[in-house]
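This is what each chain is made of:
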2 protein chains.
Amino acid sequence: MDDSPPTGDELLRILSALANPHRLRILGTLSVRRDYVSSLARVIGIGRPLLHMHLQRLEAAGLVRGTLELSNDGKAVKYYEATDFALTLTPETIRRALPTLTDKTEKKET
Amino acid sequence: MDDSPPTGDELLRILSALANPHRLRILGTLSVRRDYVSSLARVIGIGRPLLHMHLQRLEAAGLVRGTLELSNDGKAVKYYEATDFALTLTPETIRRALPTLTDKTEKKET
DNA sequence: CACAGGTGTCAAAAAAAACTGACATATGTC
DNA sequence: GACATATGTCAGTTTTTTTTGACACCTGTG
């Protein structure tokens, strides 16, 4: 139920995924009940291409999980649900994650 | 020591403030010991104008606190320190914050 | 077959965030 | 006075993120 402390890069990915009003709404909504893309788009009030992108970001951060299912009438429907993550943030937490935070400015080797 | 649950807008401001590698490093570094702007810029390895901007964002989110002090030799030095916040994030936490999350797309009245 | 409703992708535009260099101010020391 | 160190700001560029509209695909129903 609880998560092991994420690496710096993971932490950054998670925080970046959370730092957006749409994505907070998506996550909060999915925490109540799972839903599929088109429906969720209507509920939240944004377009499907946009929602799709946001879901990608959330899934990449491990905050949401999507499963493609076949409904009774044979149509492909992709359901998303919130993973039950638990992340505690304090200055200490962050300090401990720093060693594993990659510097993107670094130059690659020959 | 613990924070009362932030409003949706506050939560978003905090998350946005954290969602950046430089700012994570700043926060982590300040969690060890307070430091002043120019010094901190050298430690972290970024320019002062840039650091200044990041500190603004962190302070606006309440994650960092700055105090202008006069050093022994009379120079004005601005010290920053990390506030001891504690934020727990779960799908539930987020869901509870949603009602107080402002929709920026809203139209203003006449 | 046309339609409704589901899936996804792509490129281009718009908006927001990050970054940089130049500038201005102040104080103590050589 | 020139220099070193501290503070901050501002405009303009670059980069990243967000958003939109147009596609294409599949399946069951009228």
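Note: the structure precedes this text.
Residues numbered from 1 in each chain as written. Chains lettered and ligands numbered in written order. Predicted model: local features only at pLDDT ≥ 70, side-chain atom pairs only at ≥ 80, totals over all residues. Heavy atoms only, no water.

Observations concerning the pairing of strand β2 (residues 64–70) of chain B
At step 1: Inspection of the sheet shows β2(B) paired to strand β3 (residues 76–82) of chain B by 7 bridges, in the antiparallel sense. By the bridge assignment for β3(B), B:Leu70 is matched with B:Ala76. (Pairing = 2+ DSSP bridges. Helix = DSSP H or I, 4+ residues; strand = E, 2+ residues; numbered from the N terminus.)

Side note on the sheet that holds strand β1 (residues 35–36) of chain A
All names here are of chain A.
At step 1: Strand order in this open sheet of 3 strands is β1-β3-β2, and the pairing throughout is antiparallel. The open sheet terminates on both sides in strands that have one partner only, identified here as β1 and β2 (64–70).
At step 2: Where β1 and strand β3 (residues 76–82) come together, 2 bridges link them in antiparallel fashion. Residue Tyr-36 lies in a different strand from β3, and its bridge partner there is Tyr-79.
At step 3: This element, helix α2 (residues 21–32), spans β1, β2 and β3 of the sheet and lies at about 95° to β3. (Contact = heavy atoms within 4.5 Å. Axes fitted to C-alpha atoms, helices over the stretch in contact; angles between N-to-C directions.)

Some details on the packing of helix α2 (residues 21–32) of chain B against helix α3 (residues 37–44) of chain B
Residue and element names in this part refer to chain B.
At step 1: Look at α2 against α3: their axes get within 11 Å of each other, and the N-to-C directions meet at 115°. Overall, the two elements α2 and α3 adopt an arrangement that is roughly perpendicular. Handedness of the α2/α3 crossing: right-handed. Within the contact between the two elements, α2 uses Arg-25, Ile-26, Thr-29 and Leu-30 and α3 uses Leu-40, Val-43 and Ile-44.
At step 2: In terms of residue class, the contact of α2 with α3 is made up of 5 nonpolar, 1 polar and 1 charged. (Parallel < 35°, antiparallel > 145°, perpendicular 65-115°, else oblique. Left-handed = near helix turned anticlockwise from the far one by under 90°. Nonpolar A, V, L, I, M, F, W, Y, C, P; charged D, E, K, R; others polar.)

Looking at the protein's contact with DNA strand D
At step 1: In the region of DNA strand D, 20 residues are neighbours, and A:Asp73, B:Tyr36, B:Ser38, B:Arg42 and B:Lys78 sit closest.
At step 2: Counting only atoms of DNA strand D within 4 Å of the protein, the sugar-phosphate share comes to 80%.
At step 3: Here a phosphate oxygen of DNA strand D and a side-chain polar atom of B:Tyr36 are 2.8 Å apart.
At step 4: For the surface near DNA strand D, the element with the highest residue contribution is helix α4 (residues 48–60) of chain A, accounting for 5 residues.
At step 5: A per-class count over the surface near DNA strand D returns 7 nonpolar, 6 polar and 7 charged. (Near = heavy atom within 4 Å. Polar contact = N/O pair within 3.5 Å; in protein donor to acceptor, adjacent residues only side chain to side chain.)

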